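Chain residues, written in single-letter form:
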Amino acid sequence: MADRLLCETDMEFQLFDWLGLEDRLSSCDLDGETARAYLGLSQKLASDQFLPHYKASDVREPRLDNGSVYVLPEIRRALDEYRDLGLFGASFPEDLGGMGMPYLLSSASYAWFAAANCSSIGYTMLTGANARLIAEFASPSQVDTFAKPQIEGRWFGTMCLSEPQAGSGLADVRTRAVADGVDAHGNRFRVSGSKMWISGGDQDISENIVHLVLAKVPNASGDLPIGTEGISLFIVPKVLPNGDINDVAVAGLNHKMGNRGTSNCLLNFGEVDGAIGWMVGEPGQGLRQMFMMMNEARIAVGFGAAALACRGYLLAVDYARDRLQGRAAGERDGPPVAIIEHTDVRRMLLAMRAYAEGSMGLCLYSAALVDSPDDPDDAALLELLTPVAKTFPSEYGPKANDLAIQIHGGYGYTRDFDVEQLYRDNRLNPIHEGTTGIQALDLLGRKILRDGRGLEVLYARMSQTCAKADQIGELSGDADALRAAIAQVQATIDALRNHAKDQQMNNAAQFQTAFGLVVVAWIWLDQAVAVHALPHGGPMNDRLRAGKTKTCRFFFASDLPIAAPLLAQVASGCDVARAAEPDNF
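Below is a summary of the structure that appears in this document.

So, how was this worked out
Residues numbered from 1 in each chain as written. Predicted model: local features only at pLDDT ≥ 70, side-chain atom pairs only at ≥ 80, totals over all residues. Heavy atoms only, no water. Helix = DSSP H or I, 4+ residues; strand = E, 2+ residues; numbered from the N terminus. Rg over C-alpha atoms; globule rule 2.2 N^0.38 Å. Buried < 20%, exposed > 50% of the residue type's maximum accessible area, 1.4 Å probe, protein only. Contact = heavy atoms within 4.5 Å. Axes fitted to C-alpha atoms, helices over the stretch in contact; angles between N-to-C directions. Parallel < 35°, antiparallel > 145°, perpendicular 65-115°, else oblique. Left-handed = near helix turned anticlockwise from the far one by under 90°. Nonpolar A, V, L, I, M, F, W, Y, C, P; charged D, E, K, R; others polar. Core = buried A, V, L, I, M, F, W, Y, C linked by side-chain atoms within 4.5 Å. Arc of directions from axis to C-beta. Pairing = 2+ DSSP bridges. 1 Å grid on protein atoms, 1.4 Å probe; cavity = no way out; pocket = protein on both sides within 12 Å on 5 of 7 lines; lining within 4 Å. Points joined across faces, edges and corners; volume = space filled by probe spheres on them.

Here we look at the overall build of the protein
(1) Moving on: Across its full length, the protein carries 18 helices and 10 strands.
(2) Moving on: Compactness check: the protein gives a C-alpha radius of gyration of 24 Å against a globular reference of 25 Å for 585 residues, within 12% of the reference.
(3) Moving on: Dimensions of the protein, computed from the C-alpha atoms along their principal axes, are close to 80 × 55 × 55 Å.
(4) Moving on: Counting only residues that meet the buried cut, the protein has 57% of its 585 residues in that class.
(5) Moving on: For the protein, the proportion of contacts with a sequence separation of at least 24, taken over those separated by at least 6, is 75%.

Quick look at the packing of helix α8 (residues 286-322) against helix α10 (residues 376-408)
(1) Moving on: Where α8 meets α10, the closest approach of the two axes is 8 Å, and the angle between their N-to-C directions is 25 degrees. With respect to each other, α8 and α10 are oriented roughly parallel. The two elements α8 and α10 meet at a crossing, and its hand is left-handed.
(2) Moving on: Counted by class, the contact of α8 with α10 contains 16 nonpolar, eight polar and two charged residues.

Describing the nonpolar core
(1) Moving on: Of all hydrophobic cores here, the largest spans 176 residues; its most connected members are Met290, Leu349, Met360, Ile407, Phe511 and Phe515.
(2) Moving on: If near-sequence neighbours (up to four positions away) are discounted, Phe515 is found in contact with Leu384, Val388, Leu443, Ile448, Leu455, Leu458 and Val489.
(3) Moving on: Counting residues in hydrophobic clusters, the runner-up holds 17 residues, among them Cys160, Val191, Phe234 and Cys265.

Quick look at helix α17 (residues 563-572)
(1) Moving on: Listing the buried residues of α17 in full gives Ala563, Leu566, Leu567 and Val570. All buried residues of α17 fall inside an arc of 95 degrees around its axis, so they share one side.
(2) Moving on: After α17 finishes, the residue Gly573 shows a positive phi value of roughly 75 degrees.

Examining the pairing of strand β6 (residues 208-216)
Each regular strand displays side chains that alternate between the two surfaces of the sheet.
(1) Moving on: Most of β6 sits out of view: nine of its nine residues are buried.
(2) Moving on: Of the two faces of β6, the one holding Asn208, Val210, Leu212, Leu214 and Lys216 and the one holding Ile209, His211, Val213 and Ala215 are both buried throughout.
(3) Moving on: In this sheet, β6 lies alongside strand β3 (residues 155-160) in parallel orientation, the contact comprising six bridges. Each residue of the ladder has a partner; that of Met159, found in β6, is Leu212.
(4) Moving on: Taken together, the seven bridges between β6 and strand β7 (residues 231-237) define a ladder with antiparallel strand orientation.

Observations regarding empty space enclosed by the protein
(1) Moving on: The full count for this structure, using the stated rule, is five cavities of 30 Å³ or more.
(2) Moving on: Estimates place the volume of the largest cavity at around 280 Å³.
(3) Moving on: Residue assignment for the lining of the largest cavity shows that the elements contributing at least two residues are α6 (103-137) and α8.
(4) Moving on: For the lining of the largest cavity, the leading source of residues is α6, giving 10 residues.
(5) Moving on: Residues that form the lining of the largest cavity fall into these classes: 13 nonpolar, six polar and two charged.
(6) Moving on: There is about 190 Å³ of room inside the second largest cavity.
(7) Moving on: Lining the second largest cavity are 18 residues, and of these Tyr110, Cys118, Asn259, Asn429 and His432 lie nearest its centre.
(8) Moving on: Counting only elements with at least two residues in the lining of the second largest cavity, the list comes to α6 and α8.
(9) Moving on: By residue number, the principal contributor to the lining of the second largest cavity is α6, which donates six residues.
(10) Moving on: Residues that form the lining of the second largest cavity fall into these classes: 10 nonpolar, seven polar and one charged.

All quantities given are derived from atomic positions and should not be read as evidence of function.
Written as C-alpha cells, this is what we have:
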C-alpha cells in the first residue's frame with residue numbers, strides 16, 4: 001500500500017459530506033457522478049504518470065546547457081498527458097476554452113497530483129494562475145494571444161517578482177520598462193533587469209513561456225519611482241508572437257534541498273536591446289494585479305503542503321502496521337508486535353493526521369469560498385483565511401513529515417523510503433510565496449487590525465459550529481474550549497488596538513500561529529459535527545466517525561492549548577525581539 005497518495009475516504013467525506021460539493025455543481029451543469037469521475041481520473045493519472053518519476057525528479061535535477069534548461073523527460077510526458085486530457089483549463093470558463101469546473105473541484109484534483117509529485121505539477125499551478133490574471137486584467141488581444149494557449153496547456157507561465165537584491169521587498173525592485181510604442185497587443189515596452197527564484201523560468205516542456213514581470217517605468221528624468229505605487233505589470237513571453245526569441249536569458253539555476261524537479265532560475269531581461277513586453281492595464285497597478293496571482297498561489301502552496309503531509313501520514317500508517325519491533329506494554333516475552341501498538345507511535349500518528357487532514361480541510365474550505373465571489377461574507381472570509389491557508393499547512397505539514405521520518409526510525413532518513421524526500425519537498429513551503437513572517441504581517445495588520453469584516457464572519461461561523469457540537473455529547477467539551485479560544489483571540493485583538501501602532505506588530509508571527517491553531521480547531525470540530533451526521537451502522541462510516549472524532553479530540557487536547565500562552569504574549573505587547581539590538585547577536 002506504499003503507493004497511496006491521499007485517503008479516498010477522507011477526500012470523499014470532506015468534499016461531498018462536509019462541504020456539499022454536489023450541491024455546488026448545479027450552477028455549472030455538472031453532477032456528483034461527473035465530479036467523482038474527474039477526481040478518479042486525477043487519482044489514476046497522478047498514480048500512473050506522476051508518482052513513478054517522483055524519486056527520479058529529485059535525483060536528476062534540471063540542467064542548464066548552452067543557455068537552455070532541460071528537465072527530466074518523464075516530467076514532459078506526464079504534463080503532455082495532463083494537457084491532452086484538458087486539465088490545464090479545468091477551472092476556467094468555457095468561453096476561454098476551459099471546462100467551467102468549480103475551483104473547489106479543480107483544487108481537489110490538484111491535491112492528488114501534488115501528493116504524487118509536487119515538482120512536476122508545480123508547472124501547472126503557475127500556468128493557471130498566470131492565465132487567470134491575464135484573463136482578469138488584460139486586453140482582449142492579450143487574453144487571446146497569451147492566456148488561451150496557457151489554458152490549453154501548450155504554453156506555461158511564471159510570476160517574476162523577486163530580485164537578487166530585493167527578495168520579498170518589492171518596493172525596491174529595479175527592473176525597468178521603457179516605452180517602445182504601441183502595437184496590436186497594447187502598450188509595448190523594453191524591459192531590463194534581473195529576477196530571482198523564478199519557478200519554471202525556463203524548461204523544455206512547453207512551446208512558450210509567458211513571464212508576468214513586475215517593473216517600474218522611469219520618469220522624465222530617467223529615475224525609477226520610489227515604493228510600490230510605481231510598480232506596473234508586463235507580459236514578457238520567451239517567444240514573441242512573430243516567432244522571434246525574446247531578450248530573456250537564463251543566468252543560472254538555483255539548486256534546492258527539495259522540490260528539485262521544478263526548474264528555478266535567475267533570469268536576466270534585456271541583456272541586449274531590452275526584452276519586449278506589454279503592459280497589463282494601467283501604469284502603477286502591477287502589485288494590485290499581481291495580488292490575484294499571489295493569493296491563488298498561496299492557497300495552492302497550502303494545498304501542496306497539505307498533500308505532502310497526507311501522503312507522509314499514509315506511508316507512516318502503513319509502515320507502523322507492518323514494522324514489528326518491541327513487545328506489548330507490560331510484557332517481556334512473546335513475539336514482537338507492530339509498532340502501531342506502542343502508545344507513542346499512536347500519538348505521532350494522531351498528530352500527523354490532525355495536521356495533515358486539518359490542513360487539507362482548511363484549504364478545501366478556502367477553495368469553496370473562491371467559488372462564491374459574489375457573496376460578501378464568503379469574500380471577506382476568504383481574504384482573512386488566505387494567509388492562514390498558506391501558513392498553517394506550510395508550517396505544520398513539515399511537522400507531519402518530520403514525524404513520518406521518526407516513525408520509520410533509521411529507515412526514515414534513508415533514500416530507500418519516500419518520507420525523507422517528502423520532508424525536504426515540504427520544507428520549501430514556509431518560504432514559498434511569502435514567508436511565514438510576511439503572511440503574519442498581512443493577517444494581523446491588513447486583515448484584522450485594518451479591516452475586521454472577515455473576522456466577524458469567522459466568529460459567526462465558529463459559533464454556529466459550537467452550537468451544533470453542543471448537541472453531541474462527546475463534542476460539547478470541545479465546543480466550550482473553542483468558545484474560550486475565540487474569546488481570547490477577541491481580547492488579544494482589543495488589547496493590540498490599545499497599543500501604540502508601531503508596537504502592534506511586535507508578535508505578529510506568534511499571533512498567526514495561535515490564530516491558525518484556533519481556525520484549524522474549528523475546521524476539525526466542524527468536520528466532527530458533519531461526520532456524526534452520517535448514517536450509523538455501516539463499517540466505513542463508523543470507522544470514519546471514530547477516527548475523525550478521536551483526531552479532533554487529540555487536536556483540542558494537544559495543540560489548541562498552545563494558542564493560549566501565545567495569545568497572552570501578543571496581548572502583553574512583549575517587545576523582547578523588537579528590543580534586541582543587532583550587536584546583541
